[in-house]
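Listed below, chain by chain, are the residues.
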Amino acid sequence: MTNHWRDIKNADLILINGANPAEAHPVGFQWFMRAKLDRGAKMIHADPRFTRTSAVSDMYLRIRTGSDVAYFGGLINHVLQNNLIHDEYVRNYTNASFIVKQGFGFKDGLFSGYSSDKRSYDISSWSYEVGADGFAKRDKTLQDERSVFQLMKAHYSRYTPDVVSSITGIPVDEFKQVADLVGQMGKPDKVMTIVYAVGLTHHTTGGQLIRSGALLQLLLGNMGRPGGGMNAERGHANIQGNTDHAISWEILPGYLRIPAPGQKNLDDYVAQSAPKKSDPNSWNFFGTNYKKFMVSTLKGWYGAAATKSNEFAFDFVPKPGQNSSWMSIYDQALKGKMEGVILSGMTAASIGPDSNQVQQALSNLKWLVVMDPLPTTSSEFWHAPGVDPTQVKTEVFMLPTTHWIEKDGSFVNSGRWSQWKDQVIPPEGQARHDHWILADIFARVKDLYKQQGGKFTDPIMALTFDYKDPLKPELDEIAKEINGKDLTTGKQMTSFANLKDDGTTTTGDWIYTGSYLDSGNLMKRRSGVQDPKANDPTGMGFYPNWAWSWPLNRRVMYNRASADVDGKPWDASRAGISWDGTKWVGDVPDYPATMNPHDPAAYLPFIMNGEGVGRLFSNSMIDGPFPEHYEPVESPVANPLHASNSASPVAFLYDQAAGRPNRFGTPQEFPYIATSYRLTEHEHYVTQHVPHLVQLQPEPFVEIPWELAQSMGIKTGDKVRVSSKRGKVEVLAVATKRLGSMTVAGQKVFQIGIPIHWGYVGIPADRDPNHGRYWLANALTPFVGDANARTPEFKAFLVNLEKM
């Protein structure tokens with residue numbers, strides 16, 4: 001989240017897309033209700049299903065899954081055409097005035113630079129005209145036809161209410177009602193928030209679906225303001241901490257880039273990774289300090305072995321020449337190029353798209369290690385229903401790990417609040433902590449290298465492991481290490497602003513610097529609730545002494561944009577920060593604490609990026625500088641905007657890239673749209689082992705629109721088969737009016753809802769005569785990825801429906 005859970009109570013209007021917070025985030029949902037009850041805020045829910053969130057919303061819009069760019073694009077067009085933007089904010093705090101270089105264009109669904117052979121863009125034309133001073137040219141009048149503002153206005157002029165309705169299925173009159181409400185949010189005394197979850201991310205256009213909402217927020221002046229922002233509802237437990245600490249494939253800790261082939265030294269790496277300053281008043285803090293963050297990270301990893309003479313062990317870091325996402329790992333296994341995989345807290349056989357193909361990939365491995373508290377579909381895939389164990393090559397090791405209630409540590413919530421928790425019960429049986437298992441494996445591998453030698457052992461032998469017990473490091477020790485220290489004094493670092501590139505500072509994740517000081521672990525703080533007047537002095541719900549939030553305990557990111565150019569809050573009743581004549585007060589400022597806004601050299605408000613302002617136009621996304629609506633890879637209709645380039649031209653088609661045939665269904669074979677989701681009663685997959693939760697949702701089912709069920713003679717409780725080009729599920733039917741028909745591109749279409757939790761492991765599977773053989777929802781989903789993050793398209797695919 002750019003903001004945080006409590007801050008939602010400060011909004012005047014809440015748009016919810018691709019999320020169902022009342023059921024998926026029920027505790028956080030209280031702040032939506034506080035906004036409604038205390039402020040009279042309006043709440044608009046756009047979702048394929050009518051849910052408990054819809055039931056308490058002021059408006060519910062039945063939207064076709066995956067069409068949110070068209071929805072937000074129509075709202076963008078509405079505020080641009082009717083001059084409803086926050087004019088002062090847009091001129092001063094966005095790149096609307098930047099001039100885009102000649103050569104950039106868009107035609108028939110393709111941006112300039114496209115190669116059909118490579119299925120990728122040369123993005124060199126997606127940049128600015130540069131003046132003699134080396135900075136981007138600007139036109140503050142916003143009239144230049146090559147200005148970002150005019151290009152954006154032209155791009156979204158196609159998204160009229162009729163076109164939006166044709167793509168999304170939302171009736172024109174309902175869309176216009178929403179547009180009228182949204183159009184009021186560009187005033188300084190109004191603010192809107194957008195809340196989303198994996199219903200936006202799980203698409204081949206997932207990054208752009210989210211970005212389209214962010215563009216709308218920038219135009220309305222709602223980024224950086226209390227009650228505003230783009231707020232992602234992250235997965236339960238610790239998904240935010242997961243991405244922050246680079247458990248994902250595409251980054252290093254703190255969202256640093258992974259080095260690439262050909263980068264021979266740190267200067268090469270920084271030159272190709274760090275943002276460049278494109279305005280004289282841009283601080284470009286991230287770009288300016290990129291090397292300091294990387295060197296301090298390397299120093300934390302490799303200690304005394306990281307010196308100036310060896311580029312601080314930069315050569316020790318792998319520089320992969322290909323994508324390394326988990327879909328790519330399975331793809332490599334399918335090709336026979338992957339020997340082994342360790343799965344820790346992730347069940348590939350359930351969570352991977354095209355489950356049957358993932359299981360084939362797992363069976364191609366020499367070995368598989370599964371670290372989980374309880375059996376999963378991945379630990380048991382080798383003898384799953386319908387599988388001949390004699391045909392599986394893979395040796396499977398099941399290592400029982402502790403559940404999160406059996407250990408202490410931190411959880412980082414969606415609002416970036418890192419909160420320390422205690423161990424509730426001791427581990428049972430032979431279960432060990434994940435990090436103890438990994439420490440043990442590391443020690444054994446290191447001993448083998450000592451005894452036997454090997455190629456390039458330095459990265460293993462030099463890795464620091466300075467814990468009281470290297471085989472059983474404490475999470476408190478690791479948290480302290482992540483914060484980093486000043487090697488010249490031995491003291492904990494207090495701010496990432498003090499990290500250096502000379503080898504005298506360390507960090508494990510620069511954005512967490514400041515979380516664990518010499519005075520103690522700030523994530524353990526719990527001051528606030530008992531005395532809100534003392535502990536929430538602004539009344540905005542910041543509670544600065546409750547836990548700790550990155551970066552630097554800041555509760556609202558980009559908060560310099562919450563005040564005008566003179567430092568006065570846009571809305572004094574909802575101030576983020578303000579200039580008191582000598583310093584910035586309020587939230588922890590996302591800005592130099594004493595920088596006078598009246599100084600001609602004062603930095604622009606978005607201090608991290610090269611422009612210094614919010615980017616309406618950006619080449620950071622490889623599928624386009626403006627979000628554009630593309631159809632899912634499987635769709636019942638051609639794209640109404642450009643039928644010749646209907647789906648994303650740069651979505652990654654794994655089978656095609658590997659020389660395997662694409663397995664995409666057509667609407668003639670598979671006439672219905674399907675989407676997947678979670679249920680409140682089953683957090684994810686492990687809850688299939690919990691008797692009380694199984695009682696609440698005992699059997700797998702699919703939700704079918706009442707009208708469709710009636711026409712097919714299907715009643716609730718009947719068994720049905722839902723099939724795609726890749727697989728099938730055979731489960732119970734729930735005929736419901738929560739789903740309904742809609743008109744898309746002149747055609748009547750239906751959407752089917754599929755909960756994801758069941759498989760061939762757990763209490764329900766043990767009771768089933770077929771042992772849950774056809775219960776994996778992801779047997780239906782396509783093996784494709786978003787161009788930017790390789791996120792699978794779980795949320796929009798085509799199926800057929802049959803009564804059994």
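Scroll up to find the structure this text is about.
Just so we're clear, the structure is a prediction, and the values are computed from it rather than from any experiment.

(A) Seen up close, the overall build of the protein. Of regular secondary structure, the protein possesses 25 helices and 31 strands. For 804 residues, the compact-globule estimate of 2.2 N^0.38 gives 28 Å, and the protein sits close to it at 26 Å. Across its three principal directions, the C-alpha atoms of the protein cover 75 × 70 × 60 Å. Looking at the protein residue by residue over its 804 residues, the buried ones come to 56%. In the protein, of all internal contacts separated by at least 6 residues, the share reaching a separation of at least 24 is 71%. Working note: accessible area of the protein is about 32000 Å², and carbon and sulfur atoms make up 52% of it.

(B) Highlighting the sheet that holds strand E16 (residues 417-421). Pairing within the open sheet is antiparallel, and its three strands lie in the order E15-E16-E19. Across the chains shown, the open sheet's two edge strands, defined by having one partner strand only, are strand E15 (409-412) and strand E19 (548-549). Strand direction decides the pairing type here: E15 and E16, joined by four bridges, are antiparallel. Bridging from a neighbouring strand, Ser410 pairs with Trp420 of E16.

(C) Quick peek at unusual backbone geometry. For the peptide bond that leads from Trp550 to Pro551, omega is -5 degrees, which places it in the cis range. When you line up the elements, Pro551 lands in the loop between E19 and strand E20 (577-579). At Ala313, a residue that is not glycine, the phi angle is positive and equals roughly 65 degrees. Counting through the fold element by element, Ala313 comes out in the loop between helix H13 (285-302) and helix H14 (326-334). Phi at Asp354 takes a positive value of approximately 55 degrees, unusual for a residue other than glycine. By the element assignment, Asp354 lies in the loop between helix H15 (348-351) and helix H16 (355-363).

(D) Looking closely at the packing of helix H12 (residues 266-273) against H13. At a closest axis distance of 10 Å, the pairing of H12 and H13 adopts a crossing angle of 130 degrees. Taken together, H12 and H13 sit at an angle that is classed as oblique. Viewed along their axes, H12 and H13 form a crossing whose handedness is right-handed. Contact with H12, carried on its side by Leu266, Asp267, Tyr269, Val270 and Ser273, involves Tyr290, Lys291, Met294, Val295 and Leu298 of H13 and no other residues of that element.

(E) Structural view of helix H10 (residues 206-219). For H10, spanning 14 residues, the distance from its first C-alpha to its last is 21 Å, which sits close to the expected 20 Å at 1.5 Å a residue. Of all 14 residues in H10, 13 are buried; the element is thus mostly enclosed. Just downstream of H10 lies Gly221, where phi reads positive at about 70 degrees.

(F) View of the nonpolar core. Counting 69 residues, the largest nonpolar core has Leu15, Tyr71, Leu75 and Leu216 as the members making the most contacts within it. The leading source of residues in this core is helix H4 (residues 68-81), at eight residues. Once residues within four sequence positions are removed from consideration, Leu15 is found in contact with Ile44, Tyr71, Phe72, Leu75, Val182, Met192, Thr193, Ile194, Val195 and Leu216.

(G) View of a nonpolar patch on the surface. A cluster of nonpolar side chains, contributed by Ile342, Trp367, Phe397, Leu438, Ile441 and Val445, occupies part of the molecular surface with about 460 Å² of accessible area. The dominant element in the nonpolar patch, judged by the number of residues it contributes, is helix H18 (residues 434-452), at three residues. One can find Ile441 in helix H18.

(H) Inspection of the packing of aromatic side chains at higher detail. Enumeration according to the criterion identifies 46 aromatic pairs in this entry. Ring centres 5.2 Å apart and planes at 80 degrees place the aromatic pair Phe465 and Tyr467 in the edge-to-face group. Given the relative accessible area of 24%, Phe465 is considered partly exposed. Through pairs of rings, three or more aromatic residues link up here, namely Phe98, Phe104, Phe106, Phe111, Tyr114, Tyr121, Trp126, Tyr128, Tyr156, Tyr159, Phe617 and Phe626.

(I) Just H13, in detail. The first and last C-alpha atoms of H13 sit 25 Å apart over 18 residues, in line with the 26 Å expected at 1.5 Å per residue. Lys291 marks the point of greatest bend in H13, at about 35 degrees. Counting buried positions along H13 yields 14 of 18 residues, so the element is predominantly enclosed. Once H13 finishes, Gly303 follows within two positions and takes phi at roughly 50 degrees, a positive value.

(J) The arrangement of the packing of H14 against H16 in detail. At a minimum axis separation of 8 Å, H14 and H16 run at an interaxial angle of 60 degrees. The pairing of H14 with H16 is recorded here as oblique in orientation. With respect to the hand of their crossing, H14 and H16 are arranged in left-handed fashion. Of H16, the residues touching H14 (which contributes Tyr330, Ala333 and Leu334) are Gln357, Val358, Gln360 and Ala361. Here the contact of H14 with H16 is built from residues that sort into five nonpolar, two polar and no charged.

(K) Focus on the sheet that holds strand E13 (residues 367-372). Spatial strand order, E12-E13-E14: three strands in an open sheet with parallel pairing. The sheet terminates laterally at strand E12 (340-344) and strand E14 (395-400), the two strands that pair on one side only. Put simply, the sheet's adjacent strands are angled 10 degrees from each other on average, direction ignored. Across the sheet, H18 is in contact with E12, E13 and E14; its angle to E13 comes to roughly 145 degrees.

(L) Here's a closer look at the side chain of His682. Within the secondary structure layout, His682 lies in the loop between strand E23 (672-677) and helix H23 (691-696). Note on His682: relative accessible area 0%, which makes it buried.

(M) Summary view of the side chain of Thr193. Following the sequence through the fold, Thr193 ends up in strand E8 (residues 192-196). Polar contacts involving the side chain of Thr193 include one to the main-chain carbonyl oxygen of Gly228, which spans 3.1 Å. If we ignore the near neighbours within four places in the chain, the residues touching Thr193 are Ala11, Leu13, Ile14, Leu15, Gln217, Gly227, Gly228, Gly229 and Asn231.

(N) How the structure looks around the environment of Phe442. In this structure, Phe442 sits in helix H18. Sequence separation of Phe442 and Ile460 is 18 residues, and the distance between their C-alpha atoms is 8.3 Å. Those residues in contact with Phe442 that sit more than four places away from it in its chain are Ile460, Leu463 and Phe465.

(O) Molecular detail of the pairing of strand E24 (residues 701-705). Along E24, five of the five residues are buried, which leaves the element largely enclosed by surrounding structure. Because side chains alternate across E24, one face comprises the buried residues Phe701, Glu703 and Pro705, and the other comprises Val702 and Ile704, equally buried. As judged from the five bridges shared by E24 and strand E26 (residues 728-736), these two strands associate in the parallel manner. For Val702, the partnering residue across the bridge sits in E26 and is Ala733.

(P) Local environment of the environment of Thr168. With respect to the helices and strands, the residue Thr168 is situated in helix H7 (residues 161-168). Residue class for Thr168 comes out buried when judged on its relative accessible area of 0%. For the pair Thr168 and Ala745, spaced 577 residues apart in sequence, the C-alpha to C-alpha distance is 8.9 Å. The residues touching Thr168, leaving out its near neighbours within four places in the chain, are Arg62, Ile63, Arg64, Ser67, Ala70, Tyr71 and Met742. Within polar-contact distance, the side chain of Thr168 engages the backbone nitrogen of Ile170 at 3.1 Å.

(Q) Just the pattern of salt bridges, in detail. Under the counting rule described, the total for this entry stands at 34 salt bridges. One salt bridge in this structure joins Glu23 and Arg52, with 2.9 Å as the shortest N-O distance. With Glu23 in helix H1 (residues 21-24) and Arg52 in helix H3 (residues 52-55), this residue pair connects regions lying 29 residues apart in the sequence. Under the relative-accessibility criterion, Glu23 is labelled buried at 15%. Its relative accessible area of 54% is what places Arg52 among the exposed residues. Among the salt bridges present, the one from Arg615 reaches Glu611, with a minimum N-O distance of 3.9 Å. The structure contains a network of salt bridges with shared partners spanning Asp331, Lys335, Asp354, Asp655, Arg660 and Arg663.

What counts, and where the lines are drawn
Residues numbered from 1 in each chain as written. Predicted model: local features only at pLDDT ≥ 70, side-chain atom pairs only at ≥ 80, totals over all residues. Heavy atoms only, no water. Helix = DSSP H or I, 4+ residues; strand = E, 2+ residues; numbered from the N terminus. Rg over C-alpha atoms; globule rule 2.2 N^0.38 Å. Buried < 20%, exposed > 50% of the residue type's maximum accessible area, 1.4 Å probe, protein only. Contact = heavy atoms within 4.5 Å. Areas by Shrake-Rupley, 256 points an atom, 1.4 Å probe, with all protein chains shown as cover. Pairing = 2+ DSSP bridges. Axes fitted to C-alpha atoms, helices over the stretch in contact; angles between N-to-C directions. Parallel < 35°, antiparallel > 145°, perpendicular 65-115°, else oblique. Left-handed = near helix turned anticlockwise from the far one by under 90°. Expected span 1.5 Å × (residues − 1). Core = buried A, V, L, I, M, F, W, Y, C linked by side-chain atoms within 4.5 Å. Patch = residues over 30% accessible without salt bridge, like charges linked within 9 Å, V, L, I, M, F, W, Y side chains within 5 Å. Salt bridge = Lys/Arg side-chain N within 4 Å of Asp/Glu carboxyl O. Phe/Tyr/Trp six-rings, centres within 6.5 Å; stacked < 30°, edge-to-face > 60°. Bend = angle between axes of the 7 residues up to and from the residue. Nonpolar A, V, L, I, M, F, W, Y, C, P; charged D, E, K, R; others polar. Polar contact = N/O pair within 3.5 Å; in protein donor to acceptor, adjacent residues only side chain to side chain.

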